[in-house]
Amino acid sequence: MTQFYAQPYSISHHGFYFNSPQEYEKGMAQLESLGCEEVEIEFIDGDDPQSLLAQYARISQADIDLWYEWIEVLPDTEIDQILYLLQCGYSLEDAVRRYEEVGIWYGSAEDYAYELYQDSFDIPEHLEPYIDYAAIARDLRLGGDIAEVRDGIWCINPTDF
């Protein structure tokens, strides 16, 4: 579960920790009753894929609703797609809008190179041992044809972004 901290811009008010929309709304109601309406949202802790996404997303008061309504309930595959776009510099809103365009490969780069060649070419069995898939994977990485999102997860169409 992802934990955030709402830090008021006013130095005369104290912030609060939250990890659910209910806690956020309760804390904001208390701050607003004291005359404080603006806070900075800071990522504090978490050990799930959403927490990794929260580190890159730079959640703000304007998009905390988007986080709880939509992003927090995403499956891991879609989180990886959004994470890649955030790593490319997209805003959270733009990443949510375009995440379906990101192609993701789970496994090693060498396995991707193998699958790519098997699907693209009719390689005779006697030539199979001579193909260096590790070198092909290295060339794919260096050429920008694949990009690592996180360990064992690759974007296979990074040139589209």
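To be clear, the structure that these remarks concern was listed above.
A short tour of the structure in this document, coming up.

As for the nonpolar core
Working step 1: Core analysis: the largest hydrophobic core is formed by 36 residues, its most contacted members being Phe-4, Phe-18, Ile-41, Leu-53, Ile-59, Trp-67 and Ile-82.
Working step 2: No other element matches helix H4 (residues 76–87), which puts 6 residues into this core.
Working step 3: In contact with Trp-67, not counting residues within four places along its chain, are Thr-2, Phe-4, Gln-50, Leu-53, Ala-54, Ile-59 and Glu-72.
Working step 4: Counting residues in each nonpolar core, the second largest holds 10 residues, with Ala-113, Tyr-133, Leu-140 and Ile-146 among its members.

So, the sheet that holds strand E6 (residues 153–155)
Working step 1: The strand order E4-E6-E5 describes an open sheet built from 3 strands, whose pairing is antiparallel. Two strands in the sheet have a free side with no partner beyond their single neighbour: strand E4 (104–106) and strand E5 (147–150). Adjacent strand axes in the sheet meet at a mean angle of 35°, parallel and antiparallel pairs treated alike.
Working step 2: Sheet analysis places E4 next to E6, joined by 3 bridges and oriented antiparallel. Across the sheet, Ile-104 pairs through a bridge with Cys-155, a residue of E6.
Working step 3: Across the sheet, H4 is in contact with E4, E5 and E6; its angle to E5 comes to roughly 120°.

Thoughts on the packing of helix H6 (residues 109–120) against helix H7 (residues 133–142)
Working step 1: Relative to each other, H6 and H7 sit at 100°, their axes nearing to 8 Å. In terms of their interaxial angle, H6 and H7 are classed as roughly perpendicular. Of H7, the residues touching H6 (which contributes Ala-109, Glu-110, Tyr-112, Ala-113, Tyr-114, Leu-116, Tyr-117 and Gln-118) are Tyr-133, Ala-134, Ile-136, Ala-137, Leu-140 and Arg-141.
Working step 2: Its residues assigned to classes, the contact of H6 with H7 comprises 11 nonpolar, 1 polar and 2 charged.

With respect to the packing of aromatic side chains
Working step 1: If you walk through the whole model with that rule in mind, you get 15 aromatic pairs.
Working step 2: Here the aromatic rings of Phe-4 and Phe-43 are separated by 6.5 Å at their centres, their planes lie at 75°, and the arrangement is edge-to-face. With Phe-4 in strand E1 (residues 3–8) and Phe-43 in strand E3 (residues 39–45), the pair connects residues that are 39 residues apart, well separated along the chain.
Working step 3: Relative accessible area serves as the criterion here: at 1%, Phe-4 is assigned to the buried category.
Working step 4: Judged by relative accessible area, Phe-43 falls into the partly exposed class, the value being 27%.
Working step 5: Ring geometry for Phe-16 versus Tyr-24: centroids 6.4 Å apart, planes at 45°, classification tilted. As far as the burial class goes, Phe-16 and Tyr-24 line up, both buried.
Working step 6: Ring-pair connections join several aromatic residues into one group, and the members of that group are Phe-4, Phe-16, Phe-18, Tyr-24, Phe-43, Trp-67 and Tyr-68.

Scoring rules and cut-offs
- Residues numbered from 1 in each chain as written.
- Predicted model: local features only at pLDDT ≥ 70, side-chain atom pairs only at ≥ 80, totals over all residues.
- Heavy atoms only, no water.
- Core = buried A, V, L, I, M, F, W, Y, C linked by side-chain atoms within 4.5 Å.
- Buried < 20%, exposed > 50% of the residue type's maximum accessible area, 1.4 Å probe, protein only.
- Helix = DSSP H or I, 4+ residues; strand = E, 2+ residues; numbered from the N terminus.
- Contact = heavy atoms within 4.5 Å.
- Pairing = 2+ DSSP bridges.
- Axes fitted to C-alpha atoms, helices over the stretch in contact; angles between N-to-C directions.
- Parallel < 35°, antiparallel > 145°, perpendicular 65-115°, else oblique.
- Nonpolar A, V, L, I, M, F, W, Y, C, P; charged D, E, K, R; others polar.
- Phe/Tyr/Trp six-rings, centres within 6.5 Å; stacked < 30°, edge-to-face > 60°.

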